[in-house]
Amino acid sequence: MPEKDRKRRAAQIPTGSWPPRMMAEMAAGYVGEKHVEDFLERIGTIYPQPRLVEGPRRKFWYREDLDKAMNMALPRAPRFSEKLQAKIAERRAARRARVKT
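Report on the accompanying structure. (Residues numbered from 1 in each chain as written. Predicted model: local features only at pLDDT ≥ 70, side-chain atom pairs only at ≥ 80, totals over all residues. Heavy atoms only, no water.)

## Notes on the overall build of the chain
For clarity, the threshold we go by: Elements are defined by DSSP. Helices are runs of H or I of four residues or more, strands are runs of E of two residues or more, and each kind is numbered from the N terminus. Atoms counted for the radius of gyration: C-alpha only. Globule rule: 2.2 Å times residue count to the power 0.38. Burial classes follow relative accessibility: with a 1.4 Å probe on protein chains only, a residue under 20% of its type's maximum area counts as buried, one over 50% as exposed, and anything between as partly exposed. Working rule for contacts: check all heavy atoms of both residues, and any pair within 4.5 Å makes them a contact. Methods summary: accessible areas were calculated by the Shrake-Rupley approach with a probe of 1.4 Å, and residue burial reflects only the protein chains presented.
Of regular secondary structure, the chain possesses four helices and three strands. Computed over the C-alpha atoms, the radius of gyration of the chain is 22 Å, more than 25% above the 13 Å expected from 2.2 N^0.38 for a compact globule of 101 residues. Taken over the C-alpha atoms alone, the chain extends approximately 85 × 25 × 25 Å along its principal axes. The proportion of buried residues among the 101 residues of the chain is 21%. In the chain, the proportion of contacts linking residues at least 24 apart, taken out of those at least 6 apart, comes to 43%. Surface summary for the chain: the accessible area is close to 8,300 Å², and the carbon and sulfur share equals 53%.

## A look at the pattern of salt bridges
The following threshold applies: Criterion for a salt bridge: a side-chain nitrogen of Lys or Arg within 4 Å of a carboxyl oxygen of Asp or Glu.
Per the stated rule, a full pass over the model turns up nine salt bridges. With a shortest N-O distance of 3.2 Å, Glu-33 and Arg-42 are connected by a salt bridge. Residue Glu-33 is classed as buried on the basis of its relative accessible area, which comes to 14%. Using a relative accessible area of 29% as the deciding quantity, one classes Arg-42 as partly exposed. One network of salt bridges, in which partners are shared, links Arg-51, Glu-64, Asp-65 and Lys-68.

## What about the packing of aromatic side chains?
Applied cut-off: For Phe, Tyr and Trp, rings pair up if their centres lie within 6.5 Å, where Trp contributes its six-membered ring, and each pair is then called stacked (planes under 30 degrees apart), edge-to-face (over 60) or tilted (otherwise). Whether a charge lies above a ring is judged from NZ of Lys or CZ of Arg, which has to be within 6 Å of the ring centre and within 35 degrees of the ring normal.
Per the counting criterion, the structure on display carries three aromatic pairs. Their ring planes at 75° and their centres at 5.1 Å tell us that Phe-39 and Trp-61 sit as a pair that is edge-to-face. A residue pair is termed long-range when its members are at least 10 positions apart, and Phe-39 in helix H2 (residues 36-41) and Trp-61 in strand E3 (residues 59-62) qualify at 22 residues. When sorted by exposure, Phe-39 lands in the same class as Trp-61, which is buried. One aromatic cluster is present, built from ring pairs that chain together Phe-39, Tyr-47 and Trp-61. The residue whose ring lies beneath Arg-51 is Tyr-62, and the NZ or CZ to ring-centre distance is 4.1 Å.

Right under this line is the structure:
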């Protein structure tokens, strides 16, 4: 069947919220493409390669990667452990400063 005559698949938009990992149909809807084929044509240029490939038809894009590609990524908040380590380092530095004086 010639490429032009092939039926194009519509992108899917879920009800509720977007999952953290999506197959091509849903990833295309997430980035605003009308057809999956349009999304797939732009892989490697505008959109990233799938992060997880489980076979020729099971490829997954992560929402985080798609956000970065569209410059929509939110700055990552420090994790609790990072905050705790920073606070411990701050207190140790204050103790050392007191001992030296």
